[in-house]
Amino acid sequence: MSSFVRQSKFRHVFCEPPKQAEDEWHGFRLATATGEQTYIKASTKFFALALSGGGGPFAVCPISSPGRFDPGTPIIGGHRSAVLDFEFSPFNPNLLASASDDSTIKLWGIPDEGITQSLSADDALADLTAHGRKVKPQL
């Protein structure tokens, strides 16, 4: 019987914390719901982060401008229930899809300069509502 040890593709990856406080992001009220999803996703321009609050809000922030996330910062809050998962398009860094417990999937267009005002359900590029059950992420 042979033994097989799978080598990690991340074994040579390491991280150094930012040296200055202005080079980091802070102040997010993170979602506390447990689930099967990843609560942070990124494209080449933005990162999205699940926040606590009604309707499953999430923030989309430009990667190039770190700093404090203030409570008045624009967010996406277009669902009626908790957001179960969201993902950026692999082909367009400005396109984001979100799936919610309210059985909807919404596509969002993020401007190049980032979100300048909070987005609601009416601001979605597309709204897929034909699901009879809640949408779950595949593992």
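Above this text you will find the structure in question.
Thresholds applied
- Residues numbered from 1 in each chain as written.
- Predicted model: local features only at pLDDT ≥ 70, side-chain atom pairs only at ≥ 80, totals over all residues.
- Heavy atoms only, no water.
- Salt bridge = Lys/Arg side-chain N within 4 Å of Asp/Glu carboxyl O.
- Helix = DSSP H or I, 4+ residues; strand = E, 2+ residues; numbered from the N terminus.
- Buried < 20%, exposed > 50% of the residue type's maximum accessible area, 1.4 Å probe, protein only.
- Core = buried A, V, L, I, M, F, W, Y, C linked by side-chain atoms within 4.5 Å.
- Pairing = 2+ DSSP bridges.
- Axes fitted to C-alpha atoms, helices over the stretch in contact; angles between N-to-C directions.
- 1 Å grid on protein atoms, 1.4 Å probe; cavity = no way out; pocket = protein on both sides within 12 Å on 5 of 7 lines; lining within 4 Å.
- Points joined across faces, edges and corners; volume = space filled by probe spheres on them.
- Nonpolar A, V, L, I, M, F, W, Y, C, P; charged D, E, K, R; others polar.
- Polar contact = N/O pair within 3.5 Å; in protein donor to acceptor, adjacent residues only side chain to side chain.
- Contact = heavy atoms within 4.5 Å.

Q: I would appreciate a short explanation of the pattern of salt bridges in the present structure.
A: For side chains of opposite charge, pairing can occur when their charged atoms come near one another. Counted by the stated rule, this structure contains 5 salt bridges. Between Lys-41 and Asp-85 there is a salt bridge, with its nearest N and O atoms 3.1 Å apart. You can see Lys-41 sitting in strand S1 (residues 40-42) and its partner Asp-85 sitting in strand S4 (residues 83-88), a full 44 residues away along the chain. Under the relative-accessibility criterion, Asp-85 is labelled buried at 19%.

Q: Can you walk me through the nonpolar core in this structure?
A: In summary, soluble globular proteins display a tendency toward joint burial of nonpolar side chains. If you look at the biggest cluster of nonpolar residues, it comprises 15 residues, and the most contacted ones within it are Phe-58, Val-60, Ile-76, Phe-86, Leu-96, Trp-108 and Ile-110. Mapped onto this core, the elements with two or more residues apiece are strand S2 (46-50), strand S3 (58-62) and S4. In this structure, Phe-28, Leu-49, Cys-61 and Phe-69 belong to the second largest nonpolar core, which totals 7 residues.

Q: Is there a simple way to think about the sheet that holds S3 in this case?
A: Through backbone hydrogen bonds, the strands of a sheet pair up, either in parallel or in antiparallel fashion. Strand order across the open sheet formed by 3 strands is S1-S2-S3, with antiparallel pairing between neighbours. The strands lining the two open edges of the sheet, one partner per strand, are S1 and S3. On average, adjacent strands in this sheet sit at an angle of 20° to one another, irrespective of strand direction. Examined bridge by bridge, S1 and S2 share 3 bridges and lie antiparallel to one another. Following the sheet pairing, Ile-40 is matched in S2 by Leu-49.

Q: I would appreciate a short explanation of the sheet that holds strand S7 (residues 126-128) in the present structure.
A: Spatially, the 4 strands line up as an open sheet ordered S4-S5-S6-S7, and their pairing is antiparallel. Edge positions in the sheet fall to S4 and S7, since each has one partner strand and no second. On average, each strand axis in the sheet is tilted by 15° relative to the strand beside it, whichever way the strands run. Bridge count for strand S5 (residues 95-100) against strand S6 (residues 105-109) is 5 bridges, and the pairing is antiparallel. Residue pairing in the sheet places Leu-95 in a bridge with Gly-109 of S6.

Q: Please explain the layout of surface pockets as it appears in this structure.
A: Empty space among the atoms can be located by rolling a probe the size of a water molecule over them. A volume near 200 Å³ is recorded for the largest pocket. Forming the walls of the largest pocket are Gly-27, Phe-28, Arg-29, Leu-51, Ser-52, Pro-57, Arg-68, Phe-69, Asp-70, Pro-71, Thr-73 and Ile-75. Each residue belonging to the lining of the largest pocket can be placed in one class, and the counts come to 6 nonpolar, 3 polar and 3 charged.

Q: Mind showing me how you'd approach the side chain of Asn-94 here?
A: Checked against the element boundaries, Asn-94 lands in the loop between S4 and S5. Overall, Asn-94 belongs to the buried group, its relative accessible area being 11%. Reaching out from Asn-94, the side chain makes a polar contact with the side chain of Lys-45 at a distance of 3.3 Å. Not counting residues within four places of it along the chain, the set of residues in contact with Asn-94 comprises Lys-45, Phe-46, Trp-108, Gly-109, Ile-110, Pro-111 and Asp-112.

Q: Would you explain the pairing of S2 in this entry?
A: Within a regular strand, side chains alternate between the sheet's two faces. Here S2 lies mainly inside the structure; 5 of its 5 residues are buried. A two-sided burial pattern is seen for S2, the buried positions comprising Phe-46, Ala-48 and Ala-50 on one face and Phe-47 and Leu-49 on the other. Where S1 folds back onto S2 in an antiparallel hairpin, the turn is made up of 3 residues. For S2 and S3, the ladder comprises 5 bridges, and the chain directions are antiparallel. From the neighbouring strand, Ala-50 faces S3, where its bridge partner is Phe-58.

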